[in-house]
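# Residue-level structure breakdown
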Amino acid sequence: MSILYGLDSRPPLRILLPAAFQHIGLGAVTLVFPLLVAEAAGVDERTTANYLSLAMIALGIGILLQCWGRWGIGSGFLLPSVYTAIFLPPAIAAAHAGGLGAVAGLTMVAGITSIVLSRVIQRIRVFLPAEVVGLVVTVLGIILGLLSLRLVLGVDDIGAGGTRDLPAGIIALLVTFGAAVWGGARVRTVAVLIGLGAGCLTHLLLLLGGLLPDSPAPAIHLTLISWPLAAPNLPLVYLPGFVVGAVAAAVRVMGDVVASQRANDPAWKRTDFQTVQSGMLADGLANLIAGALGVIGMNSYSASVGLAAATGITARRVAAAAGVGWILLGLTPGAASLVIAVPRGVLGAVLLYAASYILMSGMTIITQRLLDARRTLTIGVALLIALSYSEIPGMYADLPDYLLMTIGSGLVLGMAAALALNAIFRIGASHLAEWSWDPNQGAKPLVEFVTEAGRHCGARAEVVGKAAHLLEEFADAAPLVVDPGRQVLVRTRFDELHLDIDLAWEGEAMAATAAVDLDADIEAACFVSGLAMVLMRHHADRLEATTLPDGRHGLTATIDD
């Protein structure tokens, strides 16, 4: 869809306010995460309401930081923050043992970690390959899916419990799935809100019909916000889970900022890392502030990027309005009580819907790469080790308590295993490949070479596809520019950021520019090579014709990953 109101536009209030409300509504369902943390800490209902009010204020501050886009803080895009499932498993574990104070202290550390990562992400990206990030997101989706099923069914970790909220949870699940699958484009963007409303309405009708006689009426707390709720503390045994979460959150911000760049620039060619770093910095500052307020960490929301693209409204003023709206909701007495009144089965249905998308998102990140034996073993073994934490608990029962608490969850264990295996398998691995190609062989062996090289270094399939198309165009021109009987030296390099292709040959130079005289002889070498350069520039982010010191002609192409 075309952009109706661009990044720096000033939409009228009749457009601005409904757009902001849509983003607020889309993110409102993520308040289930701080709610679950408050319940894990065992606090009373009044404290929970206070906690949720602080969570709303923190959310508004995070959105304002992300849309700021000045002084190196914030991406400047319509990229609202929401509470993320990334921090939920370690936060629940910390809340059980150390209360809300432990969650506050560890969230602040996660924020500091994100801030540090924003400064060094370009340097360390080679040590954090995309398939490892995809593994983390996949394991996170599995953990959340199991948690959501327990909430829908009303059972605990060992399957005991009741099914009091089951009818409302099932209705919420069916309506959400139905709206997401069969609804129109606008309906799909609010499928979660529709399902949430249907589940709550079902629960209310059952309550009024006397079918849930043991259900107490929800209390409405109109007291003013008090802060702090607990003094921050730092139980180090849970620190790894928050650090892993900060890494995953930073990578997600990177992806969302790049998606926002593409949505706002139809001619987008390559990633603006300055904007990415500013977005990651804002995310880290938001989590530092969230920890100071005592609540769980947040992250950018991919669904909001999709909503902005679908509606054609990408103005940063919409984000500013949404941020102010969240702060006003947090300061409104009684607003948090409405969240507390939502049945747990309905919250579980919403979480199950989100978990399915998180799981598929992680699998997509992994499968975007061309995986060789090293990377396949890294992901496969690490995934099994992560699942073993919950499926074979006896295997870890004899570990010392401090070590068991440090591991914390299958998420930490799986990422640690993946990073260790990745480091081991990098020994002896080379991201360089070299081959001599005879132009008389045609394009097929050249494409096979770059495909195998891409698989060995783990480049994305899209990047390798661009490289293959580029080399096909070069293969068409090569017989006219390479001396007869001579071969072309082909080198590829990959560093997790770029795929570089170097070509060197003896003969005539390729056209230095993309200019082509359409009145020229179409069989002339200059015309063919000029046309090839035009087509190759379409597939490469950077393309340069060079002359080597030994007199050979060369061509260097770079494709950003």
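Preceding block: the structure.
An account of the accompanying structure is given in this report. Only a predicted model underlies this, so the values are computations on that prediction, with no experimental measurement involved.

## Points about the packing of aromatic side chains
- Tallied over the entire structure, the rule returns five aromatic pairs.
- With a centroid separation of 5.3 Å and 55 degrees between ring planes, the pair formed by Phe-474 and Trp-505 is classed as tilted. Here Phe-474 is found in helix α19 (residues 461–481), whereas its partner Trp-505 is found in strand β5 (residues 498–505), with 31 residues between them in sequence. The two residues Phe-474 and Trp-505 agree in class, both being buried.
- One aromatic cluster in this structure is built from Trp-437, Phe-474 and Trp-505.
- Its end group placed over the ring of Trp-68, Arg-70 keeps NZ or CZ at 4.7 Å from the ring centre.

## With respect to the pattern of salt bridges
- Inspection of every chain in the model, using the stated rule, returns six salt bridges.
- Of the charged contacts, one joins Arg-316 and Asp-8 as a salt bridge, the two residues approaching to 2.2 Å between their closest N and O atoms. Of this pair, Arg-316 sits in helix α12 (residues 316–331) while Asp-8 is found in the segment before α1 (13–28), placing the two residues 308 residues apart along the sequence.
- Overall, Arg-316 belongs to the partly exposed group, its relative accessible area being 23%.

## Examining the packing of helix α18 (residues 443–457) against α19
- Following both chains from N to C, one finds α18 and α19 inclined at 155 degrees, their axes separated by 9 Å at the closest point. In this view, α18 runs roughly antiparallel relative to α19, as classed from their interaxial angle. Here α18 runs over α19; the crossing is right-handed. Every residue of α19 that contacts α18 at Ala-443, Leu-446, Val-447, Val-450, Thr-451 and Gly-454 is listed here: Val-464, Ala-467, Ala-468, Leu-471, Glu-472 and Ala-475.
- Partitioned by chemical class, the residues of the contact of α18 with α19 number nine nonpolar, two polar and one charged.

Cut-offs used in this document
Residues numbered from 1 in each chain as written. Predicted model: local features only at pLDDT ≥ 70, side-chain atom pairs only at ≥ 80, totals over all residues. Heavy atoms only, no water. Phe/Tyr/Trp six-rings, centres within 6.5 Å; stacked < 30°, edge-to-face > 60°. Helix = DSSP H or I, 4+ residues; strand = E, 2+ residues; numbered from the N terminus. Buried < 20%, exposed > 50% of the residue type's maximum accessible area, 1.4 Å probe, protein only. Lys NZ or Arg CZ within 6 Å of the ring centre and 35° of its normal. Salt bridge = Lys/Arg side-chain N within 4 Å of Asp/Glu carboxyl O. Axes fitted to C-alpha atoms, helices over the stretch in contact; angles between N-to-C directions. Parallel < 35°, antiparallel > 145°, perpendicular 65-115°, else oblique. Left-handed = near helix turned anticlockwise from the far one by under 90°. Contact = heavy atoms within 4.5 Å. Nonpolar A, V, L, I, M, F, W, Y, C, P; charged D, E, K, R; others polar.

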